[in-house]
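One-letter residues, chain by chain:
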Amino acid sequence: MSRSGGGKGDGRDPGLTGRSFTAAQSFLLDVKLRWTHDMFPALRDRVAPCPDAVEGVAALLENDPDYRLFAWFERHLQRLKYSGRYGLYPYHAGQRDRLEASLSGEDLPAGMLTLSPDMDLPRYYTGTDIHQHPGGVWSDPIAGFVYERGARSTTPTLGAKHADLHTRFTDKVASDLNGAPATVFDMACGFGKSTMPFAATYPDADIVAMDLSEPCLRLGARTAHEAQRHNLRFVQRDATESGLPEDSQDLVTSTMFLHEMPPNWVEKALRESFRVLKPGGRMAHLDFYLLPDAFARFIHYGHGRRNNEPFMRPLAEMDLPAVLTEIGFTDIAIKPFEESPGALAAENRSWRFPWTTISATKPG
Ligand SMILES: C[S@@+](CC[C@H](N)C(=O)[O-])C[C@H]1O[C@@H](n2cnc3c(N)ncnc32)[C@H](O)[C@@H]1O
């Protein structure tokens, strides 16, 4: 990649302006919506009545040209979104100098951002270009910007209301709590999209936002500072070994974290949630878990392969109620989550992630 820093192109391609980038990304999203609303329901019709096992669905669909086309679109729309001529990566790389300079953090209040640049990153994390993001969300100083822009269309049906997902989750968690928490721990906060609604809902809480990715944390701290959310502390660290004191948190939360790790790490994350929670404290994770039938399971497992998310299937196959019970949690609630009004209604036949809330209490 060029490091021209010119702001209008990537140094190789004078055609890559903000206008061409925006138009191309909007075109890709329109195609993705066609995939979501038309191609997906057509495939579903092929497997009615749905076999009981995922292998039965695979036998019906795996060699079907329409399924192959569906899979090709899924893989390659995402590839174009990140790495194509008008992709997120070349567009942001063309503005590298300006973007990197904006993350210096010089004006941040003391303690708002704690980095550990020499820390060892886990192999599961560095071994995959997650979401097909070149270099993952951690290896390039501009990765936070690339991820932030990409995350606007992770759930294509939300369109411009992409942030509503996090707000709805925060509202749901808040409605389940008895009163405002004084301490909140957001595991794997990324660039803070999951943390900011908690900071807004609980302006008096002391909130720790932890992640492995320095570029994402730098962007998160900058965004929070600009929004005057100074009750947030961004920390670079493995959230499954957070270093937070035992019995210190009223609320532990995460969004789209568990499916990014192998099962033994998921278990570690849940044990860490238990350890740091105060007795009576509540944990609430939003992730992809409950799959209504074998067709949904087949599609979800394929999505994991095609989107470079190798631990989606292992998480979906974990016995989470048993793991949570064994750790000692009570009031365990694992429920489908409606990411937008009507998303869970029977008449909604479009593709969607199997959003699920995984909540439990540390007994008092
Ligand atoms: C899909 S992103 C979600 C980010 C954010 N929660 C959101 O909803 O926008 C997953 C995040 O998990 C982080 N991550 C993965 N493993 C981690 C670990 N062991 N400790 C802390 N962060 C981790 C990644 O760096 C990434 O930012």
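Look up: the structure comes first, before these words.
Residues numbered from 1 in each chain as written. Predicted model: local features only at pLDDT ≥ 70, side-chain atom pairs only at ≥ 80, totals over all residues. Heavy atoms only, no water.

S.K.: How would you summarise empty space enclosed by the protein if you had to cite specific residues and measurements?
M.R.: One pass over the structure, following the stated rule, counts four cavities of 30 Å³ or more. Considering only enclosed or pocket space, the largest cavity measures out at about 460 Å³ in volume. For the lining of the largest cavity, a count of residues per class yields 19 nonpolar, nine polar and five charged. What lines the second largest cavity is a set of 24 residues, and nearest its centre among them are Gln78, Lys81, Ser153, Thr154 and Asn307. Taken together, the elements giving at least two residues each to the lining of the second largest cavity come down to helix H1 (18-46), helix H3 (65-83) and helix H7 (143-150). (1 Å grid on protein atoms, 1.4 Å probe; cavity = no way out; pocket = protein on both sides within 12 Å on 5 of 7 lines; lining within 4 Å. Points joined across faces, edges and corners; volume = space filled by probe spheres on them. Nonpolar A, V, L, I, M, F, W, Y, C, P; charged D, E, K, R; others polar. Helix = DSSP H or I, 4+ residues; strand = E, 2+ residues; numbered from the N terminus.)

S.K.: Which residues make up the site of the ligand, and what are the values?
M.R.: Lining the immediate environment of the ligand, one finds 21 residues, of which Tyr124, Tyr125, His166, Ala188 and Asp211 sit closest. Ala188 places a polar main-chain atom, nitrogen or oxygen, 2.8 Å from a nitrogen atom of the ligand. Contact with the protein chains hides 99% of the accessible area of the ligand, taken as 600 Å² for the molecule alone. One can see that the ligand is located within the largest cavity. (Near = heavy atom within 4 Å. Polar contact = N/O pair within 3.5 Å; in protein donor to acceptor, adjacent residues only side chain to side chain. Areas by Shrake-Rupley, 256 points an atom, 1.4 Å probe, with all protein chains shown as cover. Sits in = over half its atoms within 2 Å of the grid points.)

S.K.: Please set out the pairing of strand E4 (residues 232-236) residue by residue, giving values where relevant.
M.R.: Among the five residues that make up E4, four are buried, leaving the element largely enclosed by the rest of the structure. Relative to E4, strand E1 (residues 113-114) runs parallel, the two being bridged by two bridges. Across the sheet, Thr114 pairs through a bridge with Val235, a residue of E4. As judged from the five bridges shared by strand E3 (residues 206-211) and E4, these two strands associate in the parallel manner. The residue of E4 that forms the bridge with Asp211 is Gln236. You can see the chain leave E3, run along helix H10 (residues 214-226) and come back into E4, and the turn it takes is right-handed. (Buried < 20%, exposed > 50% of the residue type's maximum accessible area, 1.4 Å probe, protein only. Pairing = 2+ DSSP bridges. Right-handed = clockwise from strand over helix to strand, strands pointing away.)

S.K.: Describe the environment of Pro117, listing the residues and the values that go with them.
M.R.: Along the chain, Pro117 turns up in the loop between E1 and helix H6 (123-126). Leaving out residues up to four positions away in the same chain, Pro117 has contacts with Glu214 and Gln236. (Contact = heavy atoms within 4.5 Å.)

S.K.: Lay out unusual backbone geometry in plain terms, naming residues and giving numbers.
M.R.: Glycine aside, residues mostly have negative phi angles, and peptide bonds mostly take the trans form. Pro49 follows Ala48 through a cis peptide bond whose omega is -5 degrees. In this structure, Asp331 is a non-glycine residue whose phi angle is positive, near 50 degrees.

S.K.: Please provide a residue-by-residue account of the layout of surface pockets, values included.
M.R.: Put simply, the largest pocket is a space of about 470 Å³. Around the largest pocket sit 23 residues that line it, and Arg44, Pro292, Ala296, Leu344 and Arg352 are the ones nearest its centre. Per-element tally for the lining of the largest pocket: the top contributor is helix H12 (residues 294-306), with four residues. In terms of residue class, the lining of the largest pocket is made up of 15 nonpolar, four polar and four charged. There is about 240 Å³ of room inside the second largest pocket. Along the walls of the second largest pocket sit 15 residues, with Trp138, Pro141, Glu214, Pro215 and Gln236 positioned nearest its centre. By residue number, the principal contributor to the lining of the second largest pocket is H10, which donates three residues.

S.K.: Describe the packing of aromatic side chains, naming the residues involved and giving the relevant values.
M.R.: Tallying each qualifying case throughout the model produces 20 aromatic pairs. Both rings, one in Tyr67 and one in Phe298, keep their centres 5.0 Å apart while their planes meet at 45 degrees; by these two values the pair is tilted. With Tyr67 in helix H3 and Phe298 in helix H12, the pair connects residues that are 231 residues apart, well separated along the chain. On the basis of relative accessibility, which here comes to 5%, the residue Tyr67 falls in the buried class. Look at Tyr125 and Trp138: their rings are 6.3 Å apart centre to centre, the planes differ by 35 degrees, and that puts the pair in the tilted class. One end of the pair, Tyr125, is in helix H6; the other, Trp138, is in the loop between H6 and H7, and 13 residues separate them in sequence. The class for Tyr125 is buried, based on a relative accessible area of 13%. Among the aromatic residues, those joined into a cluster by ring pairs are Trp35, Phe40, Tyr67, Phe70, Phe288, Phe295, Phe298, Trp351, Phe353 and Trp355. Lying over the aromatic face of Trp265, Lys268 brings its terminal NZ or CZ to 3.9 Å of the ring centre. A cation over a ring is seen here: Lys362 above Phe274, with NZ or CZ 5.0 Å from the ring centre. (Phe/Tyr/Trp six-rings, centres within 6.5 Å; stacked < 30°, edge-to-face > 60°. Lys NZ or Arg CZ within 6 Å of the ring centre and 35° of its normal.)

S.K.: Before we move on, can you summarise helix H8 (residues 164-176) with the specific residues and values?
M.R.: In a regular helix each residue adds 1.5 Å, so 13 residues correspond to 18 Å; H8 covers 18 Å between its end C-alpha atoms and thus fits that length. When we look at burial in H8, the residues that qualify are Leu165, His166, Phe169, Thr170 and Val173. Along the axis of H8, the buried residues cluster in a sector spanning 130 degrees; they form a single face. Tucked into the core, H8 has its buried residues touching helix H9 (196-201), strand E5 (249-255), strand E6 (277-288) and strand E8 (355-361). (Expected span 1.5 Å × (residues − 1). Arc of directions from axis to C-beta.)

S.K.: An account of the packing of helix H11 (residues 263-276) against helix H14 (residues 320-327) is needed here, citing residue identities and associated values.
M.R.: Here H11 crosses H14 at 40 degrees, and the two axes come no closer than 10 Å. With respect to H14, the axis of H11 lies oblique. Judged by the twist between their axes, the crossing of H11 over H14 is right-handed. Residue-level inspection shows Val266, Glu267, Leu270, Arg271 and Phe274 of H11 in contact with H14, the latter providing Leu320, Val323, Leu324, Glu326 and Ile327. The residue inventory of the contact of H11 with H14, partitioned by class, reads seven nonpolar, no polar and three charged. (Axes fitted to C-alpha atoms, helices over the stretch in contact; angles between N-to-C directions. Parallel < 35°, antiparallel > 145°, perpendicular 65-115°, else oblique. Left-handed = near helix turned anticlockwise from the far one by under 90°.)

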